[in-house]
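Geometric and topological summary
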Amino acid sequence: MRAVILDLKGLEALDLSAIEFLVDELVCYDLTAEDEIAHRIDGFDIVITNKTPLSRHHLEHSAQLKLICVLATGTNVVDKQAAYELGIPVSNCVAYGVDSVVQHVWSLILALHTNLSSYTQDVAAGEWQRSEQFCFLTHPVIELKGRTLGIIGYGHLGQGVAKIAEAFGMKVIVCQKIGDMGHTQKDDNSKRPFDQFIQQADVISLHCPLTEATENLFTTEIFEQMKPEAFIINTARGGIVNEADLADALRRGIIAGAACDVLTEEPPVKGNVLLDSTIPNLLITPHTAWGSIEARNRIIEQTAENMRAFMSGTPIRTV
């Protein structure tokens, strides 16, 4: 049994022994270019990919291929219809980064409320050293207690973020699921309709998928309906927030601040309107919310479990 990992970059420092133990040969590549895919998967029983695409053409010309493992939850890089027709199971990894993402969300929320970045920059620039007073309170510091945290997407991630909010004495509200054509479903009275939700939340944390209904969900029109003291945190997908409108809203003070771990194009090789240091109260992190050492190890562990289950005749986590 032979296996190949097409794009190990980002996971290369991890212990792969759980996977290596299951196969006679494991070949690893940091990255695989489009024109290298066909050659690199030829002759392998198991192909393991993260972001390297596997098209119908690749699958049809890989006679020995028996299993595809994805080192992530999203499986859009695989032509799943072709895999199904060819009888090739596709297994992914799930819920491996919940604790990591929840921790990252709260690091962003706390940083915005304490103006952590601004104060750090001021000290580095010598502002505190030149101060006439021992306390250098030039930026507002806001307590979380009593504020309202609004969550869009109340799965494992949303619930994890909500649980921490209780410790800070925050009120938590949850938005109704965003349905077709951007309208909210009315089947859950415990959740707020979107139009009410955005007016009530002091902090909005996004944990929903990017769909036709959620794409550009937050635009200038929506920002203007939010509280002027509100923050928005996006660790979901970049396209949920209109980036140009967010930059404008922050510059005009329509909302108080924002933090994003995701952009519409990643990496932003062509630039991005949010990558402008003059935008006030904006924190950008490079899609690292999921990436704790523990979460990355769980990806390897789950992939080994997926392989072992397939070899025993009972595939798991198939999509």
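As a starting point, this report considers the structure included with it. Here the structure is a predicted model, which means the values were calculated and not measured.

Parameters at a glance
Residues numbered from 1 in each chain as written. Predicted model: local features only at pLDDT ≥ 70, side-chain atom pairs only at ≥ 80, totals over all residues. Heavy atoms only, no water. Helix = DSSP H or I, 4+ residues; strand = E, 2+ residues; numbered from the N terminus. Buried < 20%, exposed > 50% of the residue type's maximum accessible area, 1.4 Å probe, protein only. Contact = heavy atoms within 4.5 Å. Salt bridge = Lys/Arg side-chain N within 4 Å of Asp/Glu carboxyl O. Pairing = 2+ DSSP bridges. Axes fitted to C-alpha atoms, helices over the stretch in contact; angles between N-to-C directions. Core = buried A, V, L, I, M, F, W, Y, C linked by side-chain atoms within 4.5 Å. Phe/Tyr/Trp six-rings, centres within 6.5 Å; stacked < 30°, edge-to-face > 60°. Lys NZ or Arg CZ within 6 Å of the ring centre and 35° of its normal. 1 Å grid on protein atoms, 1.4 Å probe; cavity = no way out; pocket = protein on both sides within 12 Å on 5 of 7 lines; lining within 4 Å. Points joined across faces, edges and corners; volume = space filled by probe spheres on them. Nonpolar A, V, L, I, M, F, W, Y, C, P; charged D, E, K, R; others polar. Expected span 1.5 Å × (residues − 1).

A separate point is the overall build of the protein chain. The helix and strand tally for the protein chain stands at 11 helices and 11 strands. With respect to the principal axes defined by its C-alpha atoms, the protein chain has extents near 70 × 50 × 35 Å. In the protein chain, which comprises 319 residues, the proportion classed as buried is 48%. Counting contacts in the protein chain only where the partners sit at least 6 residues apart, residues at least 24 apart contribute 61% of the total.

A side chain with one charge can pair with a side chain of the opposite charge if their charged atoms come near. Under the defined criterion, the tally for this structure stands at 11 salt bridges. In this structure, Arg-317 and Glu-305 form a salt bridge, with 2.7 Å as the shortest nitrogen-oxygen distance. With Arg-317 in the segment after α11 (293-311) and Glu-305 in helix α11, this pair connects stretches of sequence that are 12 residues apart. Classification of Arg-317 by relative accessible area gives partly exposed; the value is 25%.

Let's shift gears to the sheet that holds strand β11 (residues 282-284). Taken together, the 6 strands give an open sheet; going across it, the order is β7-β6-β8-β9-β10-β11, and neighbouring strands pair in parallel fashion. Two strands in the sheet have a free side with no partner beyond their single neighbour: β7 (171-174) and β11. Here the average twist between neighbouring strands, direction ignored, is 15°. Strand direction decides the pairing type here: strand β9 (residues 231-234) and strand β10 (residues 257-260), joined by 4 bridges, are parallel. Residue pairing in the sheet places Phe-231 in a bridge with Gly-257 of β10. The strands touched by helix α5 (residues 98-114) are β6 (148-152), β8 (203-206), β9, β10 and β11; relative to β9, the strand with the most contacts, the crossing angle is about 155°.

On to the nonpolar core, then. Judged by nonpolar contacts, the single largest core of 42 residues is most densely connected at Ile-46, Ile-48, Leu-54, Ile-68 and Met-307. Secondary structure elements with two or more residues in this core: β1 (2-5), β2 (25-28), α2 (37-41), β3 (46-49), β4 (67-70), α4 (80-85) and α11. Considering every element that reaches this core, the biggest residue donor is α11, with 6 residues. Here Leu-54 is in contact with Leu-6, Ile-37, Ile-41, Val-47, Thr-49, Leu-59, Ile-68, Val-77, Val-78 and Asp-79, once residues within four sequence places are set aside. Formed by 34 residues, the second largest nonpolar core is a distinct cluster that contains Ile-198, Ala-201, Leu-206 and Cys-260.

Turning our attention to the packing of aromatic side chains. Inspection of every chain in the model, using the stated rule, returns 4 aromatic pairs. An angle of 90° between the planes, with centres 6.4 Å apart, marks the rings of Tyr-96 and Trp-290 as edge-to-face. Of this pair, Tyr-96 sits in the loop between β5 (90-91) and α5 while Trp-290 sits in the loop between β11 and α11, placing them 194 residues apart in sequence. Seen from their ring centres, Phe-218 and Phe-223 are 6.2 Å apart, and the 35° between their planes marks the pair as tilted. As far as the burial class goes, Phe-218 and Phe-223 line up, both buried. Among the aromatic side chains, those forming a connected cluster through ring pairs are Phe-194, Phe-218 and Phe-223. Its end group placed over the ring of Phe-44, Arg-2 keeps NZ or CZ at 4.1 Å from the ring centre.

As a further point, take the environment of Pro-268. The residue Pro-268 is located in the loop between β10 and β11 in this model. Sequence separation of Pro-268 and Pro-286 is 18 residues, and the distance between their C-alpha atoms is 9.5 Å. With sequence-adjacent residues up to four places away left out, Pro-268 is seen in contact with Leu-263 and Leu-275.

Moving on, we come to the layout of surface pockets. In this structure, the second largest pocket spans a volume of roughly 310 Å³. As for the second largest pocket, its lining consists of 17 residues, of which Asn-115, Ser-118, Pro-280, Asn-281 and Leu-282 are closest to the centre. For the lining of the second largest pocket, the secondary-structure elements that each account for two or more residues are α5, α6 (116-124) and β11. No other element matches α6, which puts 4 residues into the lining of the second largest pocket. The residue inventory of the lining of the second largest pocket, partitioned by class, reads 11 nonpolar, 6 polar and no charged.

For helix α7 (residues 156-167), spanning 12 residues, the distance from its first C-alpha to its last is 18 Å, which sits close to the expected 16 Å at 1.5 Å a residue. Here α7 has its buried residues at Gly-158, Gly-160, Val-161, Ala-162 and Ala-165. In this fold, the buried residues of α7 make contact with α5, β6, β7 and β8.

Functional significance is not addressed by these values, which are geometric in nature.
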